[in-house]
Amino acid sequence: MTRLLDLLGLLALLGMGTPVQAAALTLPGYADAAGAITVQRRGSTVDPYFVLQALLLARQHGLDTRAYDVPWARWLLARQKPDATFDRFCRTGPSWTACKTADADDALLALWMRFIDSLPPAVRQEPAFERSQAAAAATLQRLVSPPTGVYLVSPVYMHGLFMDNLEVWTYKPAHAAAQNPQRPSFGASIQQVFWDEAQQRYHVSTQPEQKNEAHRFYPDAVAQIFPHTVDFPLIPGGPHLHYRRWMHQHRAEWLRQVETDFAWGLIATVALQRGDLVSVRCWQHKALPARHSPHWTVTDEVVQQILQARDISPLPSEKNCQ
């Protein structure tokens with residue numbers, strides 16, 4: 001029955017296709033007139049990581065993001081620190097002020113450089129953006145750990161994170177800095193450092209103590225599915241088997257997250273790519289009642305608009321969602 005549902009989902013997905021004219025991303029309540037985009041609707045926090053992730057994801061799946069790309073890029077460029085890194089920002093009256101450091105410099109710098117590359121040529125070739133990209137590249141390069149061939153979180157947190165390194169891996173120019181005669185492939189270094197053959201799972205971090213921590217959906221389960229979000233080619237056993245195993249182990253846990261944490265729509269895009277339309281529609285069934293609530297992020301909003309552009313709607317009941 002599950003195989004039949006998967007096949008029907010894939011056939012439906014192929015039959016729908018994408019619109020001839022790309023649907024425009026709309027972010028009322030998230031984006032302001034100055035270009036800032038908040039993590040949550042009518043929220044008071046701007047986290048550059050989530051916004052860059054959301055806009056790149058929207059473009060990857062065919063949404064037209066032009067209304068937000070340049071205003072957001074200019075807003076963030078104006079707040080880049082002298083060392084090329086970024087903070088998170090909180091609203092203070094009508095203004096935005098830096099209030100927290102980024103969770104991780106390596107992934108954020110890579111996403112920023114990818115985003116600059118995606119801007120219209122006339123914008124990305126402006127001297128300010130060229131200087132920003134050069135500075136970001138130099139700062140990111142300093143985070144390489146030559147013995148392991150992977151990137152460290154920041155100059156303060158001297159350990160590597162699996163998901164961060166996968167996001168850096170998506171920015172191809174960052175490969176060269178991580179490679180050396182002993183570590184000639186950045187992708188292979190990621191696989192070697194983080195994959196645990198005995199446990200058949202990826203470690204979240206290079207920190208030894210994390211191997212004994214109790215299971216949590218984030219980061220533990222999310223780390224296992226994350227290679228699919230970037231089409232990482234070295235997934236042991238191949239992506240199909242790995243995906244099926246993850247869904248068998250964590251699908252119900254994922255669909256419950258919106259009740260206490262966040263909706264985790266990013267995983268729905270993995271299901272979409274795998275042709276698992278039933279799981280996609282189950283996610284909508286479970287998560288859409290929380291749309292625009294504190295459990296819903298700008299990434300979740302982008303995911304739902306990707307699905308809307310393909311005329312994908314929630315399952316009418318919880319059948320097949322257990």
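This text follows the structure it describes.
For the structure given in this document, a descriptive report is provided here. Here the structure is a predicted model, which means the values were calculated and not measured. (Residues numbered from 1 in each chain as written. Predicted model: local features only at pLDDT ≥ 70, side-chain atom pairs only at ≥ 80, totals over all residues. Heavy atoms only, no water.)

As for the side chain of Glu167
Argument step 1. Residue placement: Glu167 occurs in helix α7 (residues 162-169).
Argument step 2. Apart from the residues lying within four places of it in its own chain, the contact partners of Glu167 are Tyr49, Gln53, Ala107, Ala110, Leu111 and Phe226. (Helix = DSSP H or I, 4+ residues; strand = E, 2+ residues; numbered from the N terminus. Contact = heavy atoms within 4.5 Å.)

Description of the packing of helix α11 (residues 239-256) against helix α13 (residues 277-287)
Argument step 1. In contact at an axis separation of 11 Å, α11 and α13 are set at 10 degrees when each is read in the N-to-C sense. Between α11 and α13, the crossing angle belongs to the class labelled roughly parallel. For the pair formed by α11 and α13, the contact residues are Tyr243, Met247, Arg251, Trp254 and Leu255 on the first element and Val278, Ser279, Cys282, Trp283 and Lys286 on the second.
Argument step 2. By residue class, the composition of the contact of α11 with α13 is seven nonpolar, one polar and two charged. (Axes fitted to C-alpha atoms, helices over the stretch in contact; angles between N-to-C directions. Parallel < 35°, antiparallel > 145°, perpendicular 65-115°, else oblique. Nonpolar A, V, L, I, M, F, W, Y, C, P; charged D, E, K, R; others polar.)

Describing the layout of surface pockets
Argument step 1. Estimates place the volume of the largest pocket at around 1000 Å³.
Argument step 2. Together, 38 residues line the largest pocket, and Asp103, Met163, Asp164, Tyr218 and Pro219 are the ones closest to its centre.
Argument step 3. When residues of the lining of the largest pocket are traced back to their parent elements, those giving at least two are α2 (48-60), α4 (105-118), α7, α10 (217-229), α12 (265-273) and α14 (298-309).
Argument step 4. For the lining of the largest pocket, the element with the highest residue contribution is α10, accounting for five residues.
Argument step 5. Here the lining of the largest pocket is composed, by residue class, of 19 nonpolar, nine polar and ten charged. (1 Å grid on protein atoms, 1.4 Å probe; cavity = no way out; pocket = protein on both sides within 12 Å on 5 of 7 lines; lining within 4 Å. Points joined across faces, edges and corners; volume = space filled by probe spheres on them.)

Considering the nonpolar core
Argument step 1. Membership of the largest hydrophobic core comes to 96 residues, with the highest contact counts inside it found for Trp72, Trp112, Trp254 and Trp283.
Argument step 2. For this core, the element with the most residues is α4, which contributes nine residues. (Core = buried A, V, L, I, M, F, W, Y, C linked by side-chain atoms within 4.5 Å. Buried < 20%, exposed > 50% of the residue type's maximum accessible area, 1.4 Å probe, protein only.)

So, the state of the cysteines
As used here, a disulfide is simply a covalent bond connecting the sulfur atoms of two cysteines.
Argument step 1. Summed over the entire model, instances satisfying the criterion amount to two disulfides.
Argument step 2. The disulfide partner of Cys90 is Cys99, and the gap between their sulfur atoms is 2.1 Å. Judged by the sign of its S-S torsion, about 70 degrees, the bond between Cys90 and Cys99 is right-handed.
Argument step 3. According to the relative accessible area criterion, Cys99 is partly exposed, its value standing at 35%.
Argument step 4. The connectivity of the disulfide-linked cysteines in the protein, indexed sequentially, is 1-2, 3-4. (Disulfide = S-S within 2.5 Å.)

Some points on the pairing of strand β3 (residues 95-101)
The two faces of the sheet receive side chains in turn, since in a regular strand these alternate between them.
Argument step 1. Pairing analysis gives six bridges linking strand β2 (residues 87-92) to β3, with the strands arranged antiparallel. Opposite Asp87, over in β3, you have Thr101 as the bridge partner.
Argument step 2. In this structure, the hairpin formed by β2 and β3 is closed by a connection of two residues, where Gly93 is found at a positive phi of approximately 65 degrees. (Pairing = 2+ DSSP bridges.)

Here we look at the sheet that holds β2
Argument step 1. Read from one edge to the other, the open sheet built from three strands follows the order β1-β2-β3, with strand pairing classed as antiparallel. The open sheet has two edge strands with one neighbour each: β1 (45-46) and β3.
Argument step 2. Where β1 and β2 come together, two bridges link them in antiparallel fashion. Across the sheet, residue Thr45 finds its bridge partner in β2, namely Cys90.

What to know about unusual backbone geometry
Argument step 1. Across the junction of Tyr218 and Pro219, the peptide omega takes the value 15 degrees, indicating a cis bond.
Argument step 2. The topology assignment puts Pro219 in helix α10.
Argument step 3. Of note, the phi angle at Trp264 is positive, near 55 degrees, even though the residue is not glycine.
Argument step 4. Relative to the assigned elements, Trp264 resides in the loop between α11 and α12.
Argument step 5. Even without being glycine, His292 reaches a positive phi, approximately 70 degrees.
Argument step 6. Along the polypeptide, His292 turns up in the loop between α13 and α14.
Argument step 7. The partly exposed category is assigned to His292, whose relative accessible area is 32%.

In short, geometric facts, not functional conclusions.
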